[in-house]
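Okay, here's what each chain looks like letter by letter:
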Amino acid sequence: MITWVEGAAGSPYDIDNLPYAVVSTDATPARLGVRIGDRVLDLGAAARTLRPAWAPLLDVAALNPLMAAGPRTWDEVRSWVVELLTDPALRDRVTLLGVDEVTTSLPFEVADYVDYYASEHHATNVGRIFRPDGDALLPNWKHLPVGYHGRAGSIVVSGTAVHRPAGQRKAPTDDAPTYGPSLRLDIEAELGFVVGRSLPLGERVGTAELADTVFGVTGVNDWSARDLQAWEYVPLGPNLAKSFATSVSAWVTPLAALAAARVDVPGQEVAVLPYLQESGPNGVPSGYDVDVEVELNGVVVARPPYRTMYWSPAQMLAHLTVNGASLRVGDFFASGTISGPEQDQRGSFLELSWGGREPFAVGDEQRTFLEDGDEVVLRYSAPGALGGRIGLGEVRGRILPTR
């Protein structure tokens, strides 16, 4: 497959990628677009003129109608987009916009949001930071994907500024909590999975149903106020420390584009219950070889590898519904912080600074947690079907002072 779009062949956004976004311009309303190189195919306009039956799915301001149409339609639309971008006879029948000409919006209407804790390296690091004399992992960790239910309404698109949250904080030496801005504001570099299927209460999704349930993936920065979290999370879990903002990429990469990036999940030596058992191509759970780059104020400070995660996307999805919880189109679940075994592969500043006790270098500065004015950019890439690497977009956010 060779695209006729100039400059796209061999780029991270070649014909084997084709992520979706919701785009608009000063002259046109929001509708779906597909990235190809440094251009955006106006998918809404193409549907209006060439496939009117698909206009209700594509000439709209969210991915939800397309996702609700199901896997067969996902495949048909993707095949059509490939045809539009590889058949020279069609080049004059479609509209391409520059990436820098469009404004992107939140790409899907979020129904529910669950955040997991799926990296053994991250969980072990956090356990050692907070329980240096105890077990790094709690007894349940290798028996189920630990997670919490987040706040869907505070998910924002990349580029949205984040105000420093305020709440209750209590240092170990304080007699009582105080209220004020978070002093230990952090990032969590994650990978998110967008659900394109509805399921009523009482039914369950098996590990073999990932490709029929998850439409695509997106980068995630689950901003975290560590001091608020330390005081509030016992015994029930995070609340205000997480619910102020979670940033996602403007681009949703179809799961089909990651076929060449599938890898075996490493190290599940503890037998799991039947509903979590998964047989990938090699008889073991499957993850994805996605690389993440964490940039703070223009300096790359970490490169977490998603391929080192302990729990697979299919296992997280199966656990999500094993109790009979419903699914809705637009549900969203994230992996939790991605961290690898090396120091420069840690996906949070909590780990990079070892709880704030060991500052890390950002150019000529020594840093621990986020300061007002800081900008964080997460970038994602993975192997593509054409032999190069595809780009999964970026997640960008700047910290503003507390309102």
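Residues numbered from 1 in each chain as written. Predicted model: local features only at pLDDT ≥ 70, side-chain atom pairs only at ≥ 80, totals over all residues. Heavy atoms only, no water.

### Looking at the overall build of the chain
1) Next: Counting its secondary structure elements, the chain contains nine helices and 26 strands.
2) Next: Computed over the C-alpha atoms, the radius of gyration of the chain is 21 Å, within 12% of the 22 Å expected from 2.2 N^0.38 for a compact globule of 403 residues.
3) Next: The buried share of the chain, taken over its 403 residues, is 55%.
4) Next: In the chain, the proportion of contacts linking residues at least 24 apart, taken out of those at least 6 apart, comes to 72%.
5) Next: Carbon and sulfur atoms make up 51% of the accessible area of the chain, which totals about 16900 Å².
6) Next: Charge-centre separation for the chain: the mean point of 33 positive side chains lies 2 Å from the mean point of 50 negative side chains. (Helix = DSSP H or I, 4+ residues; strand = E, 2+ residues; numbered from the N terminus. Rg over C-alpha atoms; globule rule 2.2 N^0.38 Å. Buried < 20%, exposed > 50% of the residue type's maximum accessible area, 1.4 Å probe, protein only. Contact = heavy atoms within 4.5 Å. Areas by Shrake-Rupley, 256 points an atom, 1.4 Å probe, with all protein chains shown as cover. Lys, Arg positive; Asp, Glu negative; His and termini not counted. Charge placed at Lys NZ, Arg CZ, Asp CG, Glu CD.)

### Examining the pairing of strand β2 (residues 31–36)
For a regular strand, side chains alternate in direction, first toward one face of the sheet and then toward the other.
1) Next: Counting buried positions along β2 gives six out of six residues, so the element sits mostly inside the fold.
2) Next: The sheet contact formed by strand β1 (residues 20–24) and β2 spans four bridges and is antiparallel. Paired with A21 across the two strands is G33, which belongs to β2.
3) Next: Judged from the four bridges that link them, β2 and strand β3 (residues 39–42) form a sheet pairing that is antiparallel. (Pairing = 2+ DSSP bridges.)

### Describing the sheet that holds strand β4 (residues 96–98)
1) Next: Taken in spatial order, the five strands of this open sheet run β4-β3-β2-β1-β5, and their pairing is antiparallel. Lying at the two open borders of the sheet, with one neighbouring strand each, are β4 and β5 (103–105). Shown here is a sheet whose adjacent strand axes are inclined to one another by a mean of 50°, direction ignored.
2) Next: Note that β3 and β4 share three bridges and pair antiparallel. When the sheet's bridge partners are listed, R39 is paired in β4 with G98.
3) Next: Lying over the sheet, helix α4 (residues 71–86) contacts β1, β2, β3 and β4, oriented at roughly 115° with respect to β3. (Axes fitted to C-alpha atoms, helices over the stretch in contact; angles between N-to-C directions.)

### Topic: the packing of helix α1 (residues 43–50) against α4
1) Next: The geometry of α1 relative to α4 is characterised by a closest axis approach of 12 Å and an angle of 90° between their N-to-C directions. Classified by the angle their axes make, α1 and α4 are roughly perpendicular. Here α1 contributes L43, A46, A47 and L50 to the contact with α4, which in turn contributes W80, V81 and L84.
2) Next: Residue composition of the contact of α1 with α4, by class: seven nonpolar, no polar and no charged. (Parallel < 35°, antiparallel > 145°, perpendicular 65-115°, else oblique. Nonpolar A, V, L, I, M, F, W, Y, C, P; charged D, E, K, R; others polar.)

### Structural notes on the environment of V205
1) Next: Relative to the helices and strands, V205 is located in the loop between β13 (189–195) and α6 (210–213).
2) Next: The class for V205 is buried, based on a relative accessible area of 4%.
3) Next: Put simply, V205 and D92 are 113 residues apart on the chain and 43 Å apart in space, counted from C-alpha to C-alpha.
4) Next: With near-sequence residues (within four places) excluded, V205 lies in contact with R197, L199, T213, L317, A318, T321 and L327.

### Details of the environment of V81
1) Next: Here V81 shows up in helix α4.
2) Next: Residue V81 is classed as buried on the basis of its relative accessible area, which comes to 1%.
3) Next: Measuring from C-alpha to C-alpha, the distance between V81 and L41 comes to 8.7 Å, with 40 residues separating the pair along the chain.
4) Next: Other than its neighbours up to four places away in sequence, V81 contacts L18, V34, L41 and L43.

### Some points on the packing of aromatic side chains
1) Next: Counting across every chain of the model gives eleven aromatic pairs.
2) Next: Seen from their ring centres, Y116 and F333 are 6.3 Å apart, and the 85° between their planes marks the pair as edge-to-face. Here the residue Y116 occupies a position in strand β6 (residues 113–116), and F333 occupies one in strand β22 (residues 332–334), the gap between them amounting to 217 residues.
3) Next: Look at F333 and you get buried, because its relative accessible area is 0%.
4) Next: Taking 5.2 Å as the distance between ring centres and 20° as the angle between the ring planes, the aromatic pair formed by F193 and F333 counts as stacked. Residue F193 is located in strand β13, and its partner F333 is located in strand β22; the two are separated by 140 residues in the primary sequence.
5) Next: Among the aromatic residues, those joined into a ring-pair cluster are Y116, F193, Y306 and F333. (Phe/Tyr/Trp six-rings, centres within 6.5 Å; stacked < 30°, edge-to-face > 60°.)

### A closer look at the sheet that holds strand β26 (residues 389–400)
1) Next: The strand order β9-β26-β25-β20-β21 describes an open sheet built from five strands, whose pairing is mixed. Each of the sheet's edge strands pairs with one partner strand only, and the pair in question is β9 (162–163) and β21 (299–302).
2) Next: In the sheet, strand β20 (residues 291–296) pairs with β21 via three bridges, with the strands oriented antiparallel. Note on β21: the bridge partner recorded for L296 is V299.

### Looking at unusual backbone geometry
1) Next: At the junction of V234 and P235, the peptide bond is cis and its omega measures out at 5° in the coordinates.
2) Next: In this model, L18 sits at a positive phi of 60°, which is unusual for a non-glycine residue.
3) Next: As for its position among the elements, L18 is in the segment before β1.
4) Next: Owing to a relative accessible area of 2%, L18 belongs among the buried residues under this scheme.

### Observations regarding helix α5 (residues 120–130)
Given 3.6 residues per helical turn, the α-helix brings residues three or four places apart onto the same face.
1) Next: Among all positions of α5, only H122, A123, T124, N125, V126, G127 and I129 are buried.
2) Next: Measuring from the backbone nitrogen of H121 back to the side-chain oxygen at the start of α5 gives 3.4 Å, which picks out S119 as the cap. (Polar contact = N/O pair within 3.5 Å; in protein donor to acceptor, adjacent residues only side chain to side chain.)

### Brief notes about the side chain of Q315
1) Next: Along the chain, Q315 falls in helix α8 (residues 313–321).
2) Next: Given a relative accessible area of 0%, Q315 falls into the buried group.
3) Next: Reaching out from Q315, the side chain makes a polar contact with the side chain of Q268 at a distance of 2.8 Å.

Everything listed here is a matter of coordinates, which is why it stays silent on function.
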